[in-house]
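Report on the structure
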Amino acid sequence: MATPMEVMGRQAEQATVAAFLERASPAPAGLVLYGPAGIGKTILWREAVMAAEQRGWRVLIVRGAEAEAALPFAGLISLLDPVADVVLSSLPPALSAALAVAMRRAAPTESEPDPLIVSVATLAAIRLLGQAPNPLLVAIDDLQWLDASTRRLLEFVARRLRSEPVTWLATVRSGQHDSAGQLVSALSESRTELIELGPLPLAALAELLRRRLGAMFRRPTLLRIQRASAGNPFFALELGRALLRRGITVAPDVLPVPEDIAALLRDRLAALSPIAADAVLVTTVLANPTRAGVVAVLGGGAAATDGVQEAIQAAILERDGESIRFTHPLLASVAYDDAPDGKRRMIHGLVAQRATDAEERARHLARSSTRPNERIARELERAARSARNRGSAEGAAELAELSLRSTPIGRQDEARRRGILAAKYLLQAGDAEQARSILEPLARQLSGGQPRAEVLVALADTYRGADWDTATRLLNEAAAHAGESLTRIAVERRLATAAYMTLSDRRAGREHARRALELAEAAGDNAELAASLVQLAWLDWSVDSVVRHDLLDRAAALHARLPATTFESLINARGLIMLFSGDIDGARQEFLATRAVAERVGDSYALAHALLELITVETRGGNWPLALDWARQAEATAHLIGHRLLEAGVFVRKANVLAHLGSADDARRAGEAGLHLSRQVGATSEEAYAQEVIGFLELSLGDAEAAERRLGTVVERYRAAGSEARFDANHFEALVSLGKLAEAERALQPFEARARQQERPWWMAVSAHCRGLLMAAGGDVAGARRMLNRALALHERVDVPFDRARTLLALGEVERRDRRRGASRRSIGAALAEFERLGARLWAERARRSLARGGPQRGVGSSETDQRIIELVARGNTNREIAATLFMSPHTVDTHLRRIYRAFGVRSRAELARHASAGKASTGSEVDLDR
């Protein structure tokens, strides 16, 4: 069978189908997929058929076709033709003859075959095929077009199957699935499942258009396509193609319907009387159309009532209680698009006169007018703010753009304010490109002063997800024009963020945050003051790892009095500080709250950011499948709003999850993709995070040198940016593994001091773990054991299971060196069990190797490089020969050897060679690292 197109946005339905096939009941069972034409039933059906074939099932396939619906037994022929020879030769002669005639494999006799005999023959054929060792799947696509004769036969068969392993899989169009119900009516309800395929979600629709058409439509356009197509993938693709043919990537208010579809719909609309056509046009423009509302707009009376009823009888409109709606959204698009401009404006004017909702009234006023009008522009601006307060970023952006277009020429202050407002709402709706197209002409019109600064700040915001260098340049220019105004506060806060994101100078960034706070205090603006307090708290944390509860508590009190749309900065900062302090559950609750509010108020950027942090939360918390699920949601959201920095963030955090899972190739690809995107947008902090993730992957693979190269570069970058207080435990472990103990000591001491001072259990656990590794590398095995036991006790107070498992592994290896073999096996065994529970394949393998051959302290002698060096020493190779073999310098070989000597308690190459030989003899493994 041909490979089907990829199923998109149907994860729940796919899971149901997979579970249905997995059960493979020995008794008959049925599964029916139903939904409107074009919704994707056949693609899911084809995937299910392929899955059954891959499981070794015997599969019989029949596809209904409208053109063949009147041909007797057309479906039966398609179904049994591939197995006809086997079936006809195995059935009793009378049944075989009747079936052969029905399938047109034999000429009819003088008397027509008895329908009952054909039915019995078909039942016997299905039973025969169902006797095979593997289950039988009867797969029917478009059941509604199956000819009546075949359908009757299959219903006869279904009623009489009792214990045969026959599974039915059918697709049927909505409104016609009663025929499917008849087909499986003989099966018990517990063995019959119906799956309704509803509209595709927005993210899946966007991915469908991107993959099939190679087009990246922006979120507002996607929303219009989704509304017009009712989430139907077939219609969505046709609408997308129509837009591309016209060279449009930003959809107009009414989408161009493809001509072949439009022609069919016009035929239905053309049959309406003039008053019914007017009723349909009114319905297209009303936000919540009701029968009474349409009649009222048309002036009332019997004629208007009859017009609505005529449209309902023609199946153009349908009733839902008091409401009315189109039977398909594309009918609305064609009806509106085909109406004359004057007629449309008249209808909008009539609706505006009767509208009680301010937003709806403003929208219709704008569309009823042919020229700019300040009164209408003011109404639209108020309506835009109202829509945003209700949580509709898209609606607010649309109204704000209409307000800007309605502003008369010469009103520059109003145009600037409305342009900035429209850009702000467009950004929140995820359309930075459209926001930029509004602001750039405004910036060109202004030569200087605060008005120019305001526009430049808004313009810089549109580049924060795509080009931090450009954003910073615009902000620096804005600072020169802003004076001491509220705009200057916004400039200082954004410059602080730029310093953080680009790792240019975080101490300078903190000074920008302090200046913003001073200006906000003086201005008495609560929103700016709250945001400035949060930002300074975050930068104090990022520079000195100090939690400024005073700033965060004060910001929280201010936020309680502010609208919900200003929520995200406080929760994000507080959640991040909790996360990096080891309070996993607290961070989880903060970011779940962020996500909920972001969804409620319609802020796509805040939603994507919350999802990003939830990935990190669940990675730390050891819930890696959930972390990958958050990654999928974050990827869809970031892609929809076209925010490359957020897309980079998803790649990096997904790479981190995959690295923990041990999916090395996938993790490296995702990490490198995040690295590339981060560099493109100039987000050095995200680039550094990508390097950290890849460095952790190298450490997990046992390549301490590669890990140190990556992680050491990151440490230097943070140090140069003023974040000297930052500590990376993976970099520390790489240093210890490479024997760079003095450097490791210098890195650990300030972190130990901060951990003791702030009494944070996770920091203290990490600190004790690292100190234990350093003591073991220095030969203080007993001290290392005590310190790692202390780290283990501290890990019990925090929910970071992967770190706890790493401590158990290190403890077990140190216990072995201390000749506590039973304790060592218990510790390493517990580590292995935890790694396996988490799904950490690379670390589980490391623990298995340690159990199998006994290892010294973690990282020493267990890497492939160390093993090869030990092997080559045992063969009598010199350092120079080893270096040539392993493509490294003699100095690096010497460093490895000094560290290995220390770990094994030997002083010469000869002793090491004897040690290795003894290990092979005693354990049968390459080297017994416990000798």
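Residues numbered from 1 in each chain as written. Predicted model: local features only at pLDDT ≥ 70, side-chain atom pairs only at ≥ 80, totals over all residues. Heavy atoms only, no water.

Digging into the overall build of the protein chain
Along the protein chain, the regular secondary structure elements total 47 helices and seven strands. Burial analysis of the protein chain (931 residues in total) assigns 58% to the buried set. Considering only intrachain contacts with a sequence separation of at least 6, the fraction spanning at least 24 residues in the protein chain is 66%. Approximately 38,800 Å² of the protein chain is accessible, and the part contributed by carbon and sulfur atoms is 50%. (Helix = DSSP H or I, 4+ residues; strand = E, 2+ residues; numbered from the N terminus. Buried < 20%, exposed > 50% of the residue type's maximum accessible area, 1.4 Å probe, protein only. Contact = heavy atoms within 4.5 Å. Areas by Shrake-Rupley, 256 points an atom, 1.4 Å probe, with all protein chains shown as cover.)

Details of the sheet that holds strand β5 (residues 192-196)
Reading across the sheet, the five strands line up as β2-β3-β4-β1-β5 and stay open at both edges, with parallel pairing between neighbours. Because the sheet does not close on itself, it has two edges, and the strands there are β2 (58-63) and β5. Each strand axis lies, on average, 15° off the axis of its neighbour in the sheet, ignoring direction. Where strand β1 (residues 29-35) meets β5, five bridges bridge the pair, whose relative direction is parallel. When the sheet's bridge partners are listed, Leu31 is paired in β5 with Glu193. (Pairing = 2+ DSSP bridges. Axes fitted to C-alpha atoms, helices over the stretch in contact; angles between N-to-C directions.)

Observations regarding the nonpolar core
By size, the foremost hydrophobic cluster in this structure holds 100 residues, and its most contacted members are Ile615, Phe732, Phe802, Phe835 and Trp843. Examining the composition of this core, we find that 11 residues originate from one element, helix α39 (residues 761-777), more than from any other. Contacts of Phe732, omitting those with residues within four sequence positions, involve Phe727, Ala744, Leu748, Cys770, Leu773 and Leu774. Among the nonpolar cores identified, the runner-up in size contains 52 residues, and Leu208, Leu286, Leu331 and Ala335 belong to it. (Core = buried A, V, L, I, M, F, W, Y, C linked by side-chain atoms within 4.5 Å.)

Concerning unusual backbone geometry
For Ala315, which is not glycine, the phi dihedral falls at a positive 60°. Counting through the fold element by element, Ala315 comes out in the loop between α15 (302-313) and β6 (317-320). According to the relative accessible area criterion, Ala315 is partly exposed, its value standing at 34%. Within the chain, Glu759 stands out as a residue other than glycine whose phi angle is a positive 50°.

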